[in-house]
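Now for the letters of each chain:
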Amino acid sequence: MRKIAVIGVGYVGLVTAAGFADLGNRVVGMDIDEEKIEKLRRGEMPIYEPGLEEMVCRNMKMGRLSFTTSYDEALDGAEFVFIAVGTPPGADGEADLRYVEAAARSIAEHMRHPLIIVNKSTVPVGTGDWVTQVVKQHQKEPIPFSVVSCPEFLREGNAIQDFMNPHRIVLGSTDPEAAEKVAQLHLPLRAPIIVTDLRTAEMIKYASNAFLATKISFINEIANICEAMGADVKEVAVGMGYDPRIGPHFLEAGLGFGGSCFPKDVQALAYAAEVMGRHPQLLRAVLDINQDRRRMAVERVKEMLGGSVAGHVVGLLGLSFKPNTDDMREAPSIDIARYLLDEGARVRAYDPIAMDNARRILPEVEYFPDPYSLAEGADALIVVTDWNEFKHLDLERIKNLMRRPVLYDGRNIYDPKTMFELGFIYRGVGRGYPAPENPEPPGLTMAKAGGL
Ligand code: UDX
């Protein structure tokens, strides 16, 4: 049985700790937040993640997983120490590394035997080398250690599944023996293992997230054009996705990406590129397009309400940045609610699990216990998060409860034709339905637009 310490039991750390314990290792999760550790010891999860509580509690009962606030206890007898602390964005979008530095210092001060330090946090390229330096500087005596980068690719809401069935494991190190030992830890997961140098491993994480974010902004740009041209972006994406060079995933047009990773990582990569004298114009465009989605949603609702939202009651269906999580970080709902409030709307909202978190960020919003009470007396509804329960609403009932049947479907969960038939004033994202009744020949439109 190998012993692993995990520093930081936030999202990534907790899933990593529970996952490795489940694979039969002895894992100690360490965090400086006493309240969080107390909760975990009682079997209460600090975050909502399907399957996590069961996995944590089962492994605690089996004696394979425990939690502490003490570095000495965590590092005692450990062969590996994973750093999984937060790297929040700084003022200019750069990654703030103060927690990584604090963890590296504390590991250095408390280590009593050789260690393999594995970095799981998403960190700028070059951080692994810097962590090596920080540890060396703060060691009381020169005990050998190695730093290995092992970026995580977990999706919130799917993290347990993703941990157990990764598409690949990326390991970066200058010490092949240490990389080999970390590879051994991952062997039961039966995933391809890529071993490379530290900086390349760190870059693989940023490049992967930046590419996925680019796919989303790309399809959102196409959605804007589809709206103007009378085409349906949902079907465009299906048609594109059959080409294996494109693939069907991450082509859902909507209100754009949020969450703890994409916005922060694309910003951090663009920032680092600029600092190095590069001009990351594609990354900047990806971020701009994403921000525009939120403004655009409000503009569309304004149009649907006849030009203004002032004095109107607008209900948000969903608040979390995506379904199956209570995470509000960078959620489109925050900007959308604020834009609406700035324009004089009365904003109300319902979310199956994110309302407690949302209340702290959006105290001016009124919260409702279910979609039907939300709809009652509303002038417009906006689907902000594509929770499954919204896909199966009694739409007829919703329509009858509303003061005006205006529905802006920011996640394209409804069929436009059905919505029109039900009598909604409905718009989805990038869905040019219905096509104009007396269309001009496309050539003429192009000529008008200066294209011919
Ligand atoms: C992401 C990465 O997928 C993961 O590999 C990385 O480790 C962390 O960041 P996560 O933030 O949990 O994971 O969310 P993900 O499911 O990838 O969705 C990100 C955002 O993109 C959500 O706001 C989602 O609504 C949006 N999205 C996703 C789209 O708008 N369209 C799509 O087609 C896909």
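Bear in mind the structure is a predicted one, so any value in this text is a computation, not a measurement.

Calculation notes
- Residues numbered from 1 in each chain as written.
- Predicted model: local features only at pLDDT ≥ 70, side-chain atom pairs only at ≥ 80, totals over all residues.
- Heavy atoms only, no water.
- Helix = DSSP H or I, 4+ residues; strand = E, 2+ residues; numbered from the N terminus.
- Contact = heavy atoms within 4.5 Å.
- 1 Å grid on protein atoms, 1.4 Å probe; cavity = no way out; pocket = protein on both sides within 12 Å on 5 of 7 lines; lining within 4 Å.
- Points joined across faces, edges and corners; volume = space filled by probe spheres on them.
- Nonpolar A, V, L, I, M, F, W, Y, C, P; charged D, E, K, R; others polar.
- Buried < 20%, exposed > 50% of the residue type's maximum accessible area, 1.4 Å probe, protein only.
- Pairing = 2+ DSSP bridges.
- Right-handed = clockwise from strand over helix to strand, strands pointing away.
- Near = heavy atom within 4 Å.
- Polar contact = N/O pair within 3.5 Å; in protein donor to acceptor, adjacent residues only side chain to side chain.
- Areas by Shrake-Rupley, 256 points an atom, 1.4 Å probe, with all protein chains shown as cover.
- Domains from an automatic or database assignment.
- Arc of directions from axis to C-beta.
- Phe/Tyr/Trp six-rings, centres within 6.5 Å; stacked < 30°, edge-to-face > 60°.
- Lys NZ or Arg CZ within 6 Å of the ring centre and 35° of its normal.
- Buried area = accessible area lost by both parts, 1.4 Å probe.
- Salt bridge = Lys/Arg side-chain N within 4 Å of Asp/Glu carboxyl O.
- Axes fitted to C-alpha atoms, helices over the stretch in contact; angles between N-to-C directions.
- Expected span 1.5 Å × (residues − 1).
- Parallel < 35°, antiparallel > 145°, perpendicular 65-115°, else oblique.
- Left-handed = near helix turned anticlockwise from the far one by under 90°.

Asker: Kindly report on the environment of alanine 84, identifying the contributing residues and their values.
Answerer: Residue placement: alanine 84 occurs in the loop between strand 4 (80-83) and helix 5 (98-110). For the pair alanine 84 and threonine 122, spaced 38 residues apart in sequence, the C-alpha to C-alpha distance is 8.6 Å. Leaving out residues up to four positions away in the same chain, alanine 84 has contacts with Val6, Ile7, Gly8, Val12, Gly13, Lys120 and Ser121.

Asker: An account of empty space enclosed by the protein is needed here, citing residue identities and associated values.
Answerer: Scanning the model with the defined rule gives 1 cavity of 30 Å³ or more in all. Approximately 40 Å³ is the volume found for the largest cavity. As for the largest cavity, its lining consists of Asn119, Ser121, Thr122, Val123, Ser149, Cys150, Pro151, Glu202 and Lys205. Of the residues contributing to the lining of the largest cavity, the split by class is 3 nonpolar, 4 polar and 2 charged.

Asker: Hey, could you go over the pairing of strand 13 (residues 406-409) for me, with residue numbers and the actual values?
Answerer: Of the two faces of strand 13, the one lined by Val406 and Tyr408 and the one lined by Leu407 and Asp409 are each fully buried. In this structure, strand 13 lies alongside strand 14 (residues 425-428), joined through 4 bridges in parallel fashion. Across the sheet, the residue bridging to aspartate 409 is glycine 428, located in strand 14. Crossover strand 13 to strand 14 through helix 18 (residues 416-422) is right-handed.

Asker: Summarise the site of the ligand; cite the residues concerned and give the values.
Answerer: Taken together, 19 residues surround the ligand, and among them Phe153, Glu156, Glu252, Cys261 and Lys322 come closest. Take phenylalanine 153: an N or O atom from its main chain is 3.0 Å from an oxygen atom of the ligand. Between the ligand and the protein, one listed contact pairs an oxygen atom with a side-chain N or O atom of lysine 322 at 2.8 Å. With the chains in place, 90% of the 670 Å² that the ligand exposes on its own is no longer accessible. Residues lining the shell around the ligand come from more than one domain, with at least three contributed by each of domain 1 (3-196) and domain 2 (210-427).

Asker: With reference to specific residues and values, describe helix 10 (residues 233-241).
Answerer: Taken as a whole, helix 10 has its buried residues at Val233, Ala237, Met240 and Gly241. When helix 10 is viewed along its axis, its buried side chains cluster within an angular range of 95° and face the same direction. The outward face of helix 10, more than 90 degrees from its buried face, is lined by the exposed residues Glu235, Val238 and Gly239. Buried-residue contacts for helix 10 involve helix 9 (198-229). For helix 10, the side-chain oxygen to backbone nitrogen distance between the N-cap and lysine 234 is 2.9 Å, and the N-cap itself is aspartate 232.

Asker: So what's going on with the packing of aromatic side chains? Residues and values would help.
Answerer: Taken as a whole and assessed by the stated rule, the structure comprises 6 aromatic pairs. Relative to phenylalanine 262, the ring of phenylalanine 250 lies with its centre 6.1 Å away and its plane at 70°, an arrangement referred to as edge-to-face. Taken together, the residues span a long stretch of sequence, with phenylalanine 250 in the loop between helix 10 and helix 11 (262-275) and phenylalanine 262 in helix 11 at a distance of 12 residues. The exposure class assigned to phenylalanine 250 is partly exposed, which follows from its relative accessible area of 33%. The class for phenylalanine 262 is buried, based on a relative accessible area of 14%. Cation over ring: lysine 205 sits above phenylalanine 153, and NZ or CZ is 5.7 Å from the ring centre. Lying across the ring of tyrosine 339, arginine 295 places its NZ or CZ 4.5 Å from the centre.

Asker: Break down the domain arrangement of the chain for me, with residues and values.
Answerer: Domain assignment breaks the chain into domain 1 (3-196) and domain 2 (210-427). With 14 residues of domain 1 at the contact, the number on the domain 2 side is 15 residues. In total, domain 1 and domain 2 occlude about 1200 Å² of area from one another, counting both sides; carbon and sulfur atoms represent 54% of this. On the domain 1 side of the interface with domain 2, the three residues burying the most area are Tyr48, Gly93 and Glu156, jointly 46% of the side's total. Scanning the region where domain 1 abuts domain 2 turns up 1 salt bridge. Among the salt bridges present, the one from arginine 329 reaches glutamate 156, with a minimum N-O distance of 3.8 Å. When its residues are assigned to classes, the side of domain 1 that touches domain 2 shows 5 nonpolar, 4 polar and 5 charged.

Asker: Requested: an account of the sheet that holds strand 11 (residues 366-367), with residues and values cited.
Answerer: The strand order across the open sheet built from 6 strands is 11-10-9-12-13-14, with neighbouring strands paired in parallel fashion. A single partner strand is all that each edge strand has here, and the edge strands are strand 11 and strand 14. The sheet contact formed by strand 9 (residues 313-317) and strand 10 (residues 346-350) spans 5 bridges and is parallel. Pairing of leucine 316 across the sheet is with alanine 349, part of strand 10. Strands in contact with helix 13 (residues 332-342) are strand 9, strand 10 and strand 12 (380-383); relative to strand 9, the strand with the most contacts, it is inclined by about 180°.

Asker: Residue-level account of helix 6 (residues 127-138), with values.
Answerer: Here helix 6 is 12 residues long and its end C-alpha atoms lie 16 Å apart, about the 16 Å a rise of 1.5 Å per residue gives. Of the positions making up helix 6, those classed as buried are Thr127, Gly128, Val131, Val134 and Val135. Projected down its long axis, helix 6 shows its buried positions confined to an angular sector of 115°, all on one face. When the buried face of helix 6 is taken as reference, the exposed residues oriented beyond 90 degrees from it are Lys136 and Gln137.

Asker: Requested: an account of the packing of helix 9 against helix 10, with residues and values cited.
Answerer: As a packed pair, helix 9 and helix 10 sit with axes 9 Å apart at the nearest point and diverge in direction by 130°. When the interaxial angle is binned, helix 9 and helix 10 end up oblique. Judged by the twist between their axes, the crossing of helix 9 over helix 10 is right-handed. Where helix 9 abuts helix 10, its residues Phe218, Ile219, Ile222, Ala223 and Cys226 lie against Val233, Val236, Ala237 and Met240.

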